[in-house]
Amino acid sequence: MSDTRQRAGTRVEVRASDDQRAVPERRFRRLRRTASLRALVRESRLSPDDLVLPLFVGDGRGRRDEIVSMPGVFRESVDVVGEHVEAAVEAGIRAIILFGVPDVKDSLGSGGYDPEGAVQRATRLLRERFPDLVLIADTCLCEYTDHGHCGILDGRADVDNDATLEVLARVAVSQAESGADLVAPSAMIDGQVAAIRRALDRAGHSGVGILAYSAKYASAFYGPFREAAQATPAFGDRRSHQMDPGNAAEAVREALQDVAEGADLIMVKPALAYLDVVRRVREACEGVPLVAYNVSGEYAMVKAAAAAGWLAERSVVLEILGSIKRAGADLVITYHALDAARWLREES
Ligand code: PBG
């Protein structure tokens, strides 16, 4: 017997067996009966391999300051970051992304390409100590400029596109020189992927890949990160270069453009409020590794609710990270990475 229904403009044929007609309520529940059956038919899975741990590195020695709005996340000097990374590697994490938080900043963000900058020193040290760990460097200027903007400012206090491209390329080359596997341009400056690809190739770093922050929205969820990186714009905001939250088709165009310019991996950021964008970019860029960034504000919400006893942290975190994968991301950058990797190991 067949039953034809009209659903969202498509005809769906439902063929029911006698058994299903007799007890229709058992049709889906059969495969949910035991933990083994559920695991057998699970469509998407989370593993420590999927997680990228963000780390904030700064100057000085023996420094490890917890970020108030991100419990469990620290700003660390290069000499102590190794312990943290060791724990992550033991838990099965394969990749980290480094953000630099220098004590001294200037209007040109020159600390970003200082060979003795915290990211460069941390990269050299970690490259030596953990040869198999994938080292990603965030390539932006907002952590290095005294005005907190992501680029060089023009006469009207807006980010100057072409002047910024040159500096971003310099930052990327210096990160590659220090041993980064991937550089991750996050400034949302038009042409940044092409400019960085060209500069890397010219400098002999054709083996260094680009993880492009392709669809990065002008989001209020970055608040705690800005405390961590001390990178809140001194005036104005980032809406002249980051994406408008109302747009999704534009995210697909951004991602396709980055792939055309030579991006090896693409990213959607933030993750949770933009899972529809993750799915759309996934479908439009089949075969290109897709990363989603579970950002600082998303982390802070979970930590605050968990600390108040309002949410079960472990289950909620694994459900959130799982949802990002199910939406279509291959990898998730998350401050929960170390905890989540440990929990996943316990479960498997
Ligand atoms: C810019 C950058 C930001 C984040 C990652 N890279 C901040 C911003 O654009 O204001 C935010 C990450 C987070 O909130 O966790 N270099």
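Bear in mind the structure is a predicted one, so any value in this text is a computation, not a measurement.

The rules we used
Residues numbered from 1 in each chain as written. Predicted model: local features only at pLDDT ≥ 70, side-chain atom pairs only at ≥ 80, totals over all residues. Heavy atoms only, no water. Buried < 20%, exposed > 50% of the residue type's maximum accessible area, 1.4 Å probe, protein only. Helix = DSSP H or I, 4+ residues; strand = E, 2+ residues; numbered from the N terminus. Pairing = 2+ DSSP bridges. Right-handed = clockwise from strand over helix to strand, strands pointing away. Near = heavy atom within 4 Å. Polar contact = N/O pair within 3.5 Å; in protein donor to acceptor, adjacent residues only side chain to side chain. Nonpolar A, V, L, I, M, F, W, Y, C, P; charged D, E, K, R; others polar. Disulfide = S-S within 2.5 Å. Contact = heavy atoms within 4.5 Å. Salt bridge = Lys/Arg side-chain N within 4 Å of Asp/Glu carboxyl O.

### Here's the deal with the pairing of strand β9 (residues 209-216)
Then comes step 1: Counting buried positions along β9 gives eight out of eight residues, so the element sits mostly inside the fold.
Then comes step 2: Where strand β8 (residues 182-185) and β9 come together, two bridges link them in parallel fashion. If you follow L182 over to β9, its bridge partner there is G209.
Then comes step 3: As for the winding sense of the linkage, the β-α-β connection from β8 through helix α6 (residues 192-202) to β9 is right-handed.
Then comes step 4: Taken together, the four bridges between β9 and strand β10 (residues 265-269) define a ladder with parallel strand orientation. Among the inter-strand pairings, A215 is bridged to a residue of β10, identified as V268.

### Observations concerning the site of the ligand
Then comes step 1: For the ligand, the set of nearby residues contains 19 residues, the closest of which are K216, R226, K269, S296 and Y335.
Then comes step 2: The separation between a nitrogen atom of the ligand and a polar side-chain atom of K269 is 3.3 Å.
Then comes step 3: Measuring from an oxygen atom of the ligand, one finds a side-chain N or O atom of Y335 at 2.6 Å.
Then comes step 4: Going through the elements one at a time, β9 and α7 (223-229) are the ones with two or more residues in the shell around the ligand.
Then comes step 5: Here the shell around the ligand is composed, by residue class, of 10 nonpolar, three polar and six charged.

### Some words on the state of the cysteines
Then comes step 1: Taken as a whole and judged by the stated rule, the model has zero disulfides.
Then comes step 2: The thiol sulfur of C140 is not disulfide-bonded, and the nearest other cysteine sulfur, from C150, lies at 3.8 Å.

### Looking at the environment of Y335
Then comes step 1: Assignment of secondary structure puts Y335 in the loop between β12 (331-334) and α12 (337-347).
Then comes step 2: According to the relative accessible area criterion, Y335 is buried, its value standing at 6%.
Then comes step 3: Sequence separation between Y335 and G117 is 218 residues; the distance between their C-alpha atoms is 23 Å.
Then comes step 4: Not counting residues up to four positions away in its chain, the partners in contact with Y335 are P54, F56, M70, V73, F225, Y293, N294, V295, S296 and Y299.
Then comes step 5: At 2.7 Å, the side chain of Y335 and the side chain of Y293 are in polar contact.

### Thoughts on the pattern of salt bridges
Then comes step 1: Per the counting criterion, the structure on display carries 18 salt bridges.
Then comes step 2: Of the charged contacts, one joins R279 and E283 as a salt bridge, the two residues approaching to 3.4 Å between their closest N and O atoms. Of this pair, R279 and E283 both sit in helix α9 (residues 275-284), four residues apart, which is roughly one turn of that helix.
Then comes step 3: Its relative accessible area of 34% is what places R279 among the partly exposed residues.
Then comes step 4: Salt bridges here are not isolated pairs; linked through shared partners, they connect R314, E346 and E347.

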